[in-house]
Amino acid sequence: MGKVDQEEAAKTTLNALFAKKNEKLSAAMERTSDWIFSQEIPSDVTVHVGEVSFSLHKYPLVSKSGYIRKLVSGASDADLCAIEIHDIPGGAEAFELASNFCYGINFEIGIENISMLRCAAEYLEMTEDYAAGNLVTRTEAYLNDIALKSLSGAVTVLHLAENLIPVAEKIKLVSRCIDTIVHMACKDNQFSLLGKTENSYENGNSSSVPQPKPIVHWWSEDLTVLRIDIFQRVITTMMTKGFKQYELGPILMLYAQKSFRGLDIFGKGRKKIEPKQEHEKRVVLETIVALLPVEKNTMSVSFLSMLLRASIFLETTVACRLDLEKRIGEQLGQAVLDDLLIPSYSFTGDTLFDVDTVQRIMMNYLEYGMNGAEFDDGYFSPLPSDMERVGKLMESYLAEVASDRNLTVSRFISLAELIPEQARITEDGIYRAVDIYLKAHPTLSDMERKKVCSLMDCQKLSRGACAHAAQNERLPVQTVVQVLYYEQQRLREGMGGESPASRMGGESPAQPRKVHIYSADNHQPSDELSRLQKENDQLKLELAKLKMRLKESERQTGGDSASAMSTPPQSSNKPPLPKKSFINNVSKKLGRLVRADILKPPSRTRPAKDRRHSIS
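Residues numbered from 1 in each chain as written. Predicted model: local features only at pLDDT ≥ 70, side-chain atom pairs only at ≥ 80, totals over all residues. Heavy atoms only, no water.

- Labelled according to an unreviewed UniProt entry, the protein appears under the name NPH3 domain-containing protein, originating from Papaver somniferum.
- The heading Sequence similarities (unreviewed entry) in the UniProt record of the protein holds the text "Belongs to the NPH3 family."
- Recorded in UniProt under Pathway (unreviewed entry), the annotation for the protein is "Protein modification; protein ubiquitination." (UniProt positions renumbered as here; feature names shortened; annotations may be inferred.)

## A look at the overall build of the protein
Stage number 1. Tallying secondary structure elements over the protein gives 28 helices and three strands in all.
Stage number 2. Per-residue burial for the protein yields a buried fraction of 42% across its 616 residues.
Stage number 3. Within the protein, residue pairs in contact and separated by at least 24 positions form 73% of the contacts whose partners lie at least 6 positions apart.
Stage number 4. Carbon and sulfur atoms provide 53% of the accessible area of the protein, an area that totals close to 34,400 Å². (Helix = DSSP H or I, 4+ residues; strand = E, 2+ residues; numbered from the N terminus. Buried < 20%, exposed > 50% of the residue type's maximum accessible area, 1.4 Å probe, protein only. Contact = heavy atoms within 4.5 Å. Areas by Shrake-Rupley, 256 points an atom, 1.4 Å probe, with all protein chains shown as cover.)

## Section: the sheet that holds strand β2 (residues 52–56)
Stage number 1. Sheet architecture is open: three strands sit in the order β2-β1-β3, paired in mixed fashion. Where the open sheet ends on each side, the last strands, each with one partner, are β2 and β3 (82–85). Taken pair by pair, the neighbouring strands of this sheet meet at an average axis angle of 20 degrees, ignoring direction.
Stage number 2. Pairing between strand β1 (residues 45–49) and β2: five bridges, direction antiparallel. (Pairing = 2+ DSSP bridges. Axes fitted to C-alpha atoms, helices over the stretch in contact; angles between N-to-C directions.)

## What to know about empty space enclosed by the protein
Stage number 1. Summed over all chains, the structure comprises one cavity of 30 Å³ or more.
Stage number 2. Of the voids in this model, the largest cavity is the one considered here, and its volume is about 30 Å³.
Stage number 3. Around the largest cavity, the lining residues are Leu61, Ser65, Ile68, Phe95, Ala98, Ser99, Cys102, Leu124 and Met126.
Stage number 4. For the lining of the largest cavity, the per-class residue count stands at seven nonpolar, two polar and no charged. (1 Å grid on protein atoms, 1.4 Å probe; cavity = no way out; pocket = protein on both sides within 12 Å on 5 of 7 lines; lining within 4 Å. Points joined across faces, edges and corners; volume = space filled by probe spheres on them. Nonpolar A, V, L, I, M, F, W, Y, C, P; charged D, E, K, R; others polar.)

## Thoughts on the pattern of salt bridges
Stage number 1. All told, the structure shown has 17 salt bridges when counted by the stated rule.
Stage number 2. Close ionic contact of glutamate 421 with arginine 424 constitutes a salt bridge, the shortest N to O distance being 3.9 Å.
Stage number 3. Since its relative accessible area comes to 6%, arginine 424 is described here as buried.
Stage number 4. Within this structure, Arg118, Glu122, Glu140 and Arg176 form a network of salt bridges that share partners. (Salt bridge = Lys/Arg side-chain N within 4 Å of Asp/Glu carboxyl O.)

## Re the pairing of β1
Stage number 1. Judged by which residues are buried, β1 turns out to be one-sided: Val45, Val47 and Val49 face inward and are buried, whereas Thr46 and His48, on the alternate face, are not.
Stage number 2. Linkage of β1 to β2, two consecutive antiparallel strands, is achieved through a turn of two residues, within which glycine 50 is found at a positive phi near 65 degrees.
Stage number 3. Here β1 pairs with β3 via four bridges, running parallel. Bridging from a neighbouring strand, valine 49 pairs with isoleucine 85 of β3.

## What to know about the nonpolar core
Stage number 1. Within the largest apolar cluster, 115 residues are counted, with the highest numbers of intra-cluster contacts made by Phe231, Met238 and Phe412.
Stage number 2. Ranked by the residues each element gives to this core, the list is headed by helix α14 (residues 301–314), at 10 residues.
Stage number 3. Two domains each donate at least three residues to this core, and these are domain 1 (35–146) and domain 2 (244–376).
Stage number 4. The contacts of phenylalanine 412, once residues within four sequence positions are left out, are Leu398, Ala402, Leu407, Ala433, Val434, Tyr437, Val452 and Leu455.
Stage number 5. Core analysis: the next-biggest nonpolar cluster, separate from the first, contains 28 residues, Val49, Val62, Leu117 and Met126 among them. (Core = buried A, V, L, I, M, F, W, Y, C linked by side-chain atoms within 4.5 Å. Domains from an automatic or database assignment.)

## Comments concerning the packing of aromatic side chains
Stage number 1. Under the defined criterion, the tally for this structure stands at six aromatic pairs.
Stage number 2. On the basis of an interplanar angle of 55 degrees and a centroid distance of 5.3 Å, the ring pair of phenylalanine 54 and phenylalanine 95 is categorised as tilted. Of this pair, phenylalanine 54 sits in strand β2 while phenylalanine 95 sits in helix α4 (residues 91–103), placing them 41 residues apart in sequence. For the pair phenylalanine 54 and phenylalanine 95, a shared accessibility class is recorded, and that class is buried.
Stage number 3. When the centroid spacing of 5.1 Å and the interplanar angle of 40 degrees are considered together, the rings of tyrosine 67 and tyrosine 123 count as tilted. One end of the pair, tyrosine 67, is in helix α3 (residues 66–73); the other, tyrosine 123, is in helix α5 (residues 114–123), and 56 residues separate them in sequence.
Stage number 4. For tyrosine 123, a relative accessible area of 16% puts it in the buried group.
Stage number 5. When the ring centre of phenylalanine 101 is taken as reference, the NZ or CZ atom of lysine 64 above it lies at 4.6 Å. (Phe/Tyr/Trp six-rings, centres within 6.5 Å; stacked < 30°, edge-to-face > 60°. Lys NZ or Arg CZ within 6 Å of the ring centre and 35° of its normal.)

## Quick look at the side chain of aspartate 404
Stage number 1. You can see aspartate 404 is positioned in the loop between α18 (384–401) and α19 (409–416).
Stage number 2. For the buried aspartate 404, which has no salt bridge, the nearest side chain bearing the opposite charge is arginine 411, at an N-O separation of 7.5 Å.
Stage number 3. Those residues within four positions of aspartate 404 in sequence are excluded, and the remaining contacts are Thr351, Leu352, Phe353 and His441. (Lys, Arg positive; Asp, Glu negative; His and termini not counted.)

## Quick look at the packing of helix α13 (residues 275–291) against α14
Stage number 1. With their axes 10 Å apart at the nearest point, α13 and α14 run at an angle of 140 degrees to one another. By the criterion of interaxial angle, the relationship of α13 to α14 is oblique. The chirality of how α13 crosses α14 is left-handed. On α14, the residues that touch Glu278, Lys281, Arg282 and Leu285 of α13 are Leu307, Ala310, Ser311 and Leu314. (Parallel < 35°, antiparallel > 145°, perpendicular 65-115°, else oblique. Left-handed = near helix turned anticlockwise from the far one by under 90°.)

## Some points on α5
Stage number 1. A large share of α5 lies buried, amounting to nine of its 10 residues.
Stage number 2. For α5, every residue scored as buried is listed here: Ile114, Ser115, Met116, Leu117, Arg118, Cys119, Ala120, Ala121 and Tyr123.
Stage number 3. Once α5 ends, the next one or two residues include glutamate 125, with phi positive near 55 degrees.

## With respect to the environment of histidine 217
Stage number 1. Note on placement: histidine 217 falls in the loop between α9 (173–203) and α10 (220–223).
Stage number 2. By relative accessible area, which is 6% here, histidine 217 ends up buried.

## Looking at unusual backbone geometry
Stage number 1. Note the cis peptide between isoleucine 165 and proline 166, where omega equals 20 degrees.
Stage number 2. Look at lysine 172: it is not a glycine, yet its phi comes out positive at around 60 degrees.
Stage number 3. At asparagine 297, a residue that is not glycine, the phi angle is positive and equals roughly 70 degrees.
Stage number 4. If you trace the backbone, asparagine 297 turns up in the loop between α13 and α14.

## With respect to the state of the cysteines
Note: disulfide means a covalent bond formed between the sulfur atoms of two cysteine side chains.
Stage number 1. Considering all chains together, one arrives at zero disulfides under this definition.
Stage number 2. Its sulfur unpaired, cysteine 466 is 7.7 Å from the next cysteine sulfur, which belongs to cysteine 458.
Stage number 3. Assessed through its relative accessible area of 4%, cysteine 466 is described here as buried. (Disulfide = S-S within 2.5 Å.)

## Remarks on the packing of helix α11 (residues 228–240) against helix α12 (residues 249–259)
Stage number 1. Look at α11 against α12: their axes get within 12 Å of each other, and the N-to-C directions meet at 175 degrees. If you check the angle between α11 and α12, you find them roughly antiparallel. Contacts from Ile228, Phe231, Ile235 and Met238 of α11 reach α12 at Ile251, Leu252 and Tyr255.
Stage number 2. Considered class by class, the residues forming the contact of α11 with α12 number seven nonpolar, no polar and no charged.

As C-alpha cells, this is what we get:
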C-alpha cells in the first residue's frame, strides 16, 4: 500500500510540474503573440480555408494548434509559406475564431458558435498538450456550465452540430445534447403528469379516463428545428427512457405541420417541386408515420388525413400509405366529410377524388369492427351510434363524388355497397346520391340505371323522399312503381290503423287511442284521415301520369297495339276509379315492363300469381 501511495504522489507531483511548465510556456507564447501582433510584423504563412485566405504568422498558430504544428514540422520545405485546410468543421468562420484565439484576441463564446468552436478546436488539436487553457478546455467549460444547462440551449447546440458530423459524433457532442434534452423532457413530463393526475383525482374523474390526454409541452416547438434523423434519435431515446408513446402525438403533429408547410396537398392536380426537396419531405413523412403511436385515438383523424394526402402527393412507399389508411379506418367514426375528400393527384383524367383510397379505408373500418375483439381487449364491435355516424358520413361522401362524370357505375356501386345495412336507418342519403349520379350521367343505359337504383331500399324512404321520387323522371319505371306501391301500402296501414307487426301476427308497439264520439278531440282523427285521403288521391294522379308516359313510350316504340286497345279510355282530367285493386290497374298497363316480383313486398312469401288480384 505504501508503494502505491508513493507512486500516486509522484504522478500527482509530476502532473503539477508539467502543468506549471505549460502555464509558463503558454504565458510566454501569449506575450510573444501579443508582441508580434502589436509590432505589425509581416505574415510568414498563408492559410487557405476553402475559398478564403488568411495571412498569419506561424509562431502563434503552432503554439496552440497541434494540427498546424505537425504540418509545419513535417513539411519538406523549411520555409513553408502556404497551408491548405479544406475540411475543418465550420469552415472559414470557425478557423477565423480559432486563429483569433491563438493570437489572444478576445471574442465572445455563445450558444450560436459553441458547436462550431468545439468541433474546430478538436480538428485543430488545440488541447492542453500544447497550451494551458487551450480552446478545447474553454469550449468544454462553456458547454458544461452554460449551454447544456437548459433544454432550449441543448436543442440549439444540437441543431447547429447537425452539419458538423462526423467530428461532432467523435467528441460525443450529439449524444450529450440528446441525453440532456431527454433527461429534461422526461423530468418535465413527470411533473406535468403528476399535476394532471392530482387534478383528475380531485375531480373524481380519474377512474373514467383510461389514459391522460396528451399535453402540448412548452419545449415541443423547440424540437421542430432539428433535422429528421436527429429528431428521430431524440424521440427514440425518449421512449427508451420511459416517455409514453401516446404522449408523443403533439410533438409529431408540430413537427409535421412545420415540415409540410407550403406543400399544396389540398389542391387539384399534382404540382411539381424540386426533386431534392421532394425527397427530403418524403423521408420526413415516412419517418413520422413510423413514429406514430400505436394506441388508438391518440392522433386526430384530420391530422392522419393530412398525412395521407401528403403521402399520396409525395408518392411514399405503399406500406406507409396502407398504415395511414388503416389508422383512419379504425377511427372513421370521428371523421368529417372534408377528411375523406382526398384529391386525385394525377394527370390521367381519372376521378377528381381518390375513391379507391376511401374504399380501402371503409373496408379497414369494417374489418376492424369484425376483428376488434381479437386485437383490442374489451372491444367487440363498433357501437351502433358509431356505425350510424359512419353510414351518414359515407352517404355524404357518395353524394359528393356522384357528380364526377368520370366515376364509373361499377365504382359507384362498389362504394355504396360497403355501407352496412344497420348503418342505414333511412334510404334518403342513398337516394340523394343516386339522384345526383343519374343527373350527372344522363347517358346511362336502362340496365345501368336499374343497377344504380337497386342500391336503395324503396321501403325505407321517408315520405318526403317518396314524394320526390314519384315525380323523378330520371328514375326507371320499375323503381317509381316500387316507391308508389310502398307509399300506397303505408297509407293503407295508416288509414286502417294496422301496423306491419300486427299483420304478421305480432303485437303492435303502439295501438291508436280510441276516441269517444262526443269527445272534443274527435276532429283530430277525421282531419288525419282527410289528409291521408288527399295524399292517396295525389298518388293516384301520379300513377295516372306514369301510365300516360308509359303508353306514349309504347306508341313510339311500336308496342303491342292490341294490348293498348284492351284498356278502356279514361278522361285525362279525372283520376282512375278505384273499381279494382291498385295492383290490378297497374299490372294491366305495365305489361311486360313490370315483373310481378318487383311489385311483391319483400316480407311476403306467397307466389306472384296470388298478388296480381289482391293487395290485402
